[in-house]
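A closer look at the structure
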Amino acid sequence: MAWRVWVWLLSLSILWGGSFFFAKVAVGELPPFTVVFGRVALAAIALNLVLAAAGRGLWRRGTPWSTFFSMGVLNNLVPFSLLFWAQTHIASGVASILNATTPLFTLVVAHFLTADEKMNATKMAALLLGLAGVAVLVGPSAIAHLDVGFCGQLACLGAAFSYALAGVYGRRFKRMGIAPMQAAAGQVTASAILIFPIMLAVDQPWTLSGPPSVTVWAALAGLALLSTALGYVLYFRVLAEAGATNLLLVTFLIPVTAILLGAAFLGERLDLRHVAGMATIGAGLALIDGRIAMVLRPAK
């Protein structure tokens, strides 16, 4: 990859790794659905303003809103809600590690729902390694006690599965001729519309003891403008320049950013089993990526 693509990739990993940090700060004062709404609503405003300035706004006849709403549920509403709730019970670094299983879930989803991405021996080995990593990370004691921390870890895995479904479903945007920026704006706009009544009914934000602090407002702005709006722009740039395989490299880097930020600013510490689980999951992702096989393959 060109150096500029590496810069985009590293920047994306910081933005998406930072989302776990921003979310952990925000859910300290706000309920999870309120944080989800703040994230997607502010991102929708920013992306729609950019599209309007470019003369490519969504609000015209023929916009495929049903597709945007479906994508919004799979790629924003469900995973954001699960991740933000999970981070009220587990460390942001652990959440980011479990979120890194998304490509492993994608292997299974793509095998059953697509005709051109079937499972092979390498992918099966990657899946088994990833499952082993999750088992090590969660630990037998968590399964035995089934406490709220274990439920938080299951929620992160549910979010990863939803992201996998979204990845397969989102392939249709290219066939439909929808530009990446429009796809991003459409899905976060639909997500904001969907989450608004849920947020009002469940969180009842008017019952909060007081307005959020400046720190929380800053965290919401970081989630929306940096991790979501700008993150999507970089995501689609890397995808266009380097392809999906190279884009997978960001999954290796996101937990590193999230763990460093959690340790530096939130006082979080990971157990040895968390590190061992991350390493095992990383080995599985490396198998999917194919670089290990390329290095080990004898030269002709």
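Residues numbered from 1 in each chain as written. Predicted model: local features only at pLDDT ≥ 70, side-chain atom pairs only at ≥ 80, totals over all residues. Heavy atoms only, no water.

**Some points on the overall build of the chain**
Scanning the chain from N- to C-terminus turns up 14 helices and zero strands. Put simply, the chain runs from its N terminus to its C terminus through helices and strands in the order α-α-α-α-α-α-α-α-α-α-α-α-α-α. For the chain, the C-alpha radius of gyration of 19 Å lies close to 19 Å, the compact-globule estimate for 300 residues. With the principal axes as the frame, the chain shows a C-alpha extent of 60 × 45 × 35 Å. Counting only residues that meet the buried cut, the chain has 48% of its 300 residues in that class. Of all intrachain contacts in the chain linking residues separated by at least 6 positions in sequence, the fraction that spans at least 24 positions is 88%. Mean positive and mean negative side-chain charge positions of the chain (18 and 9 charges, respectively) differ by 13 Å. (Helix = DSSP H or I, 4+ residues; strand = E, 2+ residues; numbered from the N terminus. Rg over C-alpha atoms; globule rule 2.2 N^0.38 Å. Buried < 20%, exposed > 50% of the residue type's maximum accessible area, 1.4 Å probe, protein only. Contact = heavy atoms within 4.5 Å. Lys, Arg positive; Asp, Glu negative; His and termini not counted. Charge placed at Lys NZ, Arg CZ, Asp CG, Glu CD.)

**Considerations on the confidence of the model for the chain**
Mean pLDDT over the chain works out to 86, with 91% of the residues at or above the 70 mark. The spread of mean pLDDT over the elements of the chain runs between helix α7 (residues 140-145), the lowest at 60, and helix α3 (residues 65-86), the highest at 95. (pLDDT = per-residue confidence, 0-100.)

**Quick word on the packing of helix α4 (residues 92-99) against helix α8 (residues 148-169)**
For the pair α4 and α8, interaxial distance at closest approach is 8 Å and the crossing angle is 40 degrees. Considering their axes alone, α4 and α8 lie oblique with respect to each other. You can see that α4 and α8 cross each other, and the crossing is right-handed. Together, Ala 95, Leu 98 and Asn 99 of α4 and Gln 153, Cys 156, Leu 157, Ala 160 and Tyr 163 of α8 make up the contact between the two elements. Its residues assigned to classes, the contact of α4 with α8 comprises six nonpolar, two polar and no charged. (Axes fitted to C-alpha atoms, helices over the stretch in contact; angles between N-to-C directions. Parallel < 35°, antiparallel > 145°, perpendicular 65-115°, else oblique. Left-handed = near helix turned anticlockwise from the far one by under 90°. Nonpolar A, V, L, I, M, F, W, Y, C, P; charged D, E, K, R; others polar.)

**Looking at the side chain of Thr 67**
Within the element layout of this structure, Thr 67 appears in helix α3. Excluding residues within four positions of it along the chain, Thr 67 makes contact with Tyr 169, Arg 172, Phe 173 and Met 176.

**A look at the pattern of salt bridges**
For the coordinates displayed, the defined rule picks out one salt bridge. Note that Arg 273 is salt-bridged to Asp 271, the shortest N-O span being 4.0 Å. (Salt bridge = Lys/Arg side-chain N within 4 Å of Asp/Glu carboxyl O.)

**Re a nonpolar patch on the surface**
On the surface, Leu 42, Ile 45, Leu 49, Leu 225, Leu 226 and Leu 230 cluster together into a nonpolar patch covering about 520 Å² of accessible area. Mapped by element, the contributors of at least two residues to the nonpolar patch are α2 (32-53) and α11 (214-247). Within the secondary structure, Leu 225 sits in helix α11. (Patch = residues over 30% accessible without salt bridge, like charges linked within 9 Å, V, L, I, M, F, W, Y side chains within 5 Å. Areas by Shrake-Rupley, 256 points an atom, 1.4 Å probe, with all protein chains shown as cover.)

**Comments concerning the nonpolar core**
Of all hydrophobic cores here, the largest spans 59 residues; its most connected members are Val 35, Leu 83, Phe 84, Leu 98 and Cys 156. Broken down by element, this core gets its largest block of residues, 12 residues, from helix α1 (residues 3-26). When sequence neighbours within four positions are dropped, the list of residues in contact with Phe 84 reads Ala 23, Val 27, Pro 32, Val 35, Val 36, Arg 39 and Leu 223. The next biggest cluster of nonpolar side chains, apart from the first, holds 17 residues, and it includes Phe 68, Ile 178, Ala 183 and Ala 229. (Core = buried A, V, L, I, M, F, W, Y, C linked by side-chain atoms within 4.5 Å.)

**Concerning the packing of aromatic side chains**
The final tally for this structure, using the stated rule, is nine aromatic pairs. Here Trp 65 and Phe 69 contribute two aromatic rings whose centre-to-centre distance is 6.3 Å and whose plane-to-plane angle is 55 degrees, an arrangement assigned as tilted. Of this pair, Trp 65 and Phe 69 both sit in helix α3, four residues apart, which is roughly one turn of that helix. Of the aromatic side chains, those joined through ring pairs into one cluster are Trp 59, Trp 65, Phe 68, Phe 69 and Phe 173. (Phe/Tyr/Trp six-rings, centres within 6.5 Å; stacked < 30°, edge-to-face > 60°.)

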